[in-house]
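Topology and contacts: notes
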Amino acid sequence: MDSVSDMEKVESMFTVLDSWLAYQVYFHQLPGLSVGIALGRQPLFRRHYGFANLETYQPITSRTMYRIASHSKLFTATAIMRLKAAGRLGLDDPVVRHLDWFRSAHDSNLESITLRQLLTHSSGVVRDGDSLHWSLDEPFPQREDLISQTQAGISIYQSDKHWKYSNFGYSLLGSVIEAVTGQPYSQAVMELVVRPLGLEDTRPDFDETLGEQHAVGYGRKYPGEGRRPLPHVSARDMSSAAGFSSTLDDLLAFYQAHRYGVTSLLPDSEKREMQRVQYEEGPYAWGLGFACREIGGISYVGHGGRYPGFITFSGLSQALDMTLVVLTNAIDGPARALFAGLSGLLHLSLTKFENFAGAASASQPELEAAAGIYRSLWGDTLYGRIGDALVGFNPELENPAAEMDIFEPLGSLRYRIPLRDQVSAVGETIRFLPGEGGEIKQVVTPGRSAIRVDLSSPGTPKEQPEKYYYRPAA
């Protein structure tokens, strides 16, 4: 198995990943989902599920734009680092050196706060200020709001005392970029980051001219109720913290620029500075813009995003040279949980691939014939192929790698249950049974049977929207 490349290991999982993601959208009745995986410079897996608009049944496509919210901080931090590399500012510059209004008779902490502290969320300033923008009761702040609130005092803790997440702090960084470049933030970040990377579908804030390209964002799904569409609102002068919109392909391309060895925006020395832990407290470890965390057994630098109607999550593993992006258009979209589940599956394949092969492996056509969703009185089971092995797990699980069975082939569509969950019928046999047409229709396990269910062939979305959610790629 040493001759199997990482790319081959990841690609062998695609059918299983695709079916699990589609099932998650179906089971949770998510409006839409986009997921991308890249190894090195090669995007290997790009899938879109569900709808950009539930009212018109407009499908998610590669050009669908999501509000990526706090991913904006990565673009802002990258712009700051480009200005640093050009000698136009320093990370340990006091903010007041660039913003002469960054003073308060009520807040002596302000004059010692540095750009680095804003970038690492260690400045101690307020999270969002005093407006009610996150509940859409008031507009997001404008420049005069940032100035007036700052001069009234915004420090909750002394700088460097605690890690404290702050959208207000990244809004101030947007003002710093304006002061240094002499341009509006939206123009400066486009010139410093977006256009050099050729990101055609990325904007620092909601662009009404691209409104039809945006997915509609939806509220929570409550029992017995439909999802409420939420309006697109401008992040105004908080766009440097939370305003960006982008697509799956553009966000994958953005992460490409932060891989070591890629010099399209920054030298590796600047990228290493961004991606090393600069401030840590409890479970929080932060670089410059990037969160540094281990998820599903893999270490990532990345970020998440929460905007009214959108939850997103992404990360780059330098050790594996792998990027993973998850985008949803629901305010309760489980983007982080899906990211963790995907990461666990990828880690399993990349580090334990020998578990999915053996001298007695079943044939690939047999494995593909058995793959599918099977439903019994007790719930659904997803069977699929990874490498040369048949695997099975409950597709409702957030972490399928933790409860995955890898079955030993016995021939003639018969498999032995492995020694894993010893309350179940370990060591016994399961059988896949074909129907009259020869296609497998049923699986018999000790004490029960399950019927294959077809969730992927609806009539029209209007007639069967609950089935149309489940659309694994062809």
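Just so you know, these numbers come straight off a predicted model, no measurement behind them.

1. Remarks on helix α7 (residues 185–194)
Of all the 10 residues making up α7, 7 are buried; the element is thus mostly covered by neighbouring parts of the structure. Within the span of α7, buried status applies to Y185, A188, V189, M190, L192, V193 and V194. Check the buried side of α7 and you find it contacts α3 (72–85), α6 (167–181), α8 (239–242), β7 (244–246) and α9 (248–256).

2. Regarding the nonpolar core
Counting 71 residues, the largest nonpolar core has F75, F102 and V193 as its most contacted members. Those residues in contact with F102 that lie beyond four places of it in its chain are V95, V96, L110, I113, T150, I154 and L172. Counting residues in each nonpolar core, the second largest holds 46 residues, with V4, Y26, F45 and I386 among its members.

3. What to know about the sheet that holds strand β15 (residues 379–386)
Here 8 strands make up a closed barrel; going around it, the order is β14-β15-β16-β17-β18-β19-β20-β21 and the pairing antiparallel. Adjacent strand axes in the sheet meet at a mean angle of 30 degrees when their direction is disregarded. Note that strand β17 (residues 405–411) and strand β18 (residues 414–416) share 3 bridges and pair antiparallel. Paired with E408 across the two strands is R416, which belongs to β18.

4. Overview of the packing of aromatic side chains
Evaluation of the coordinates by the stated rule reveals 23 aromatic pairs. With a centroid separation of 5.7 Å and an interplanar angle of 15 degrees, the aromatic rings of F140 and Y307 are classed as stacked. Here F140, found in the loop between α4 (115–119) and α5 (143–152), pairs with Y307, found in strand β11 (residues 298–307); they are 167 residues apart in sequence, far enough to count as distant. Ring geometry for Y383 against F432: centres 5.2 Å apart, planes inclined by 85 degrees, an arrangement best described as edge-to-face.

5. Considering helix α11 (residues 335–351)
An ideal rise of 1.5 Å per residue puts 24 Å on 17 residues; α11 measures up with 24 Å between its terminal C-alpha atoms. Counting buried positions along α11 yields 13 of 17 residues, so the element is predominantly enclosed.

6. A short note on the pattern of salt bridges
Across all of its chains, the model carries 22 salt bridges by this definition. With a closest N to O distance of 3.9 Å, R143 and D237 form a salt bridge. Placement of the pair is R143 in helix α5 and D237 in the loop between β6 (229–230) and α8, with a sequence separation of 94 residues. Residue class for R143 comes out partly exposed when judged on its relative accessible area of 23%. You can call D237 partly exposed: its relative accessible area is 22%. In this structure, the salt-bridge partner of D268 is K271, at a minimum N-O distance of 3.0 Å. Of this pair, D268 and K271 both sit in helix α10 (residues 268–275), 3 residues apart, which is roughly one turn of that helix. The structure contains a network of salt bridges with shared partners spanning D92, R116, E273 and R276.

7. Description of the environment of I154
Among the secondary structure elements, I154 is positioned in the loop between α5 and α6. Judged by relative accessible area, which is 2%, I154 ranks as buried. Residues I154 and D130 lie 24 residues apart in sequence; the distance between their C-alpha atoms is 9.8 Å. When sequence neighbours within four positions are dropped, the list of residues in contact with I154 reads F102, D107, L110, G124, V125, V126, Q149, F168 and L172.

8. Regarding the layout of surface pockets
A probe matching the size of a water molecule, rolled over the atoms, marks out where space remains unfilled. The calculated volume of the largest pocket comes to roughly 830 Å³. Around the largest pocket, the lining comprises 35 residues; the ones closest to its centre are R127, G304, G305, R306 and I311. For the lining of the largest pocket, the elements supplying multiple residues, two or more each, are β9 (284–286), β10 (291–295), β11, β12 (310–317) and α11. Ranked by residue count, the leading element in the lining of the largest pocket is β11, at 5 residues. Considering only residue class, the lining of the largest pocket consists of 18 nonpolar, 9 polar and 8 charged. Computed from the structure, the second largest pocket encloses a volume of approximately 700 Å³. Forming the boundary of the second largest pocket are 27 residues, of which T381, Y383, D405, S424 and R448 lie nearest the centre. Among the secondary structure elements, those contributing two or more residues to the lining of the second largest pocket are β14 (372–376), β15, β16 (389–393), β17, β20 (440–445) and β21 (448–453). A per-element tally of the lining of the second largest pocket places β15 first, with 4 residues.

9. Side note on the side chain of S104
Relative to the assigned elements, S104 resides in the loop between α3 and α4. Owing to a relative accessible area of 15%, S104 belongs among the buried residues under this scheme. A distance of 3.0 Å separates a polar atom in the side chain of S104 from the backbone nitrogen of H106. Side-chain polar atoms of S104 contact the backbone oxygen of Q151, separated by 2.8 Å.

10. What to know about the environment of E11
Following the sequence through the fold, E11 ends up in helix α1 (residues 6–11). Sequence separation between E11 and F45 is 34 residues, and the spatial gap between their C-alpha atoms is 8.1 Å.

11. Here's the deal with the pairing of strand β1 (residues 32–39)
Extensive coverage of β1 is indicated by the burial of 8 of its 8 residues. Where burial is concerned, the two faces of β1 agree: the one with G32, S34, G36 and A38 and the one with L33, V35, I37 and L39 are both buried. Taken together, the 8 bridges between β1 and strand β2 (residues 42–53) define a ladder with antiparallel strand orientation. Within the sheet, the bridge partner assigned to S34 lies in β2 and is H48. Count of turn residues in the β1/β2 antiparallel hairpin: 2 residues, of which G40 carries a positive phi of about 60 degrees. Bridging between β1 and strand β13 (residues 322–328) involves 7 bridges; their strand directions are antiparallel. When the sheet's bridge partners are listed, S34 is paired in β13 with L327.

Quick notes on the rules
Residues numbered from 1 in each chain as written. Predicted model: local features only at pLDDT ≥ 70, side-chain atom pairs only at ≥ 80, totals over all residues. Heavy atoms only, no water. Buried < 20%, exposed > 50% of the residue type's maximum accessible area, 1.4 Å probe, protein only. Helix = DSSP H or I, 4+ residues; strand = E, 2+ residues; numbered from the N terminus. Contact = heavy atoms within 4.5 Å. Core = buried A, V, L, I, M, F, W, Y, C linked by side-chain atoms within 4.5 Å. Pairing = 2+ DSSP bridges. Axes fitted to C-alpha atoms, helices over the stretch in contact; angles between N-to-C directions. Phe/Tyr/Trp six-rings, centres within 6.5 Å; stacked < 30°, edge-to-face > 60°. Expected span 1.5 Å × (residues − 1). Salt bridge = Lys/Arg side-chain N within 4 Å of Asp/Glu carboxyl O. 1 Å grid on protein atoms, 1.4 Å probe; cavity = no way out; pocket = protein on both sides within 12 Å on 5 of 7 lines; lining within 4 Å. Points joined across faces, edges and corners; volume = space filled by probe spheres on them. Nonpolar A, V, L, I, M, F, W, Y, C, P; charged D, E, K, R; others polar. Polar contact = N/O pair within 3.5 Å; in protein donor to acceptor, adjacent residues only side chain to side chain.

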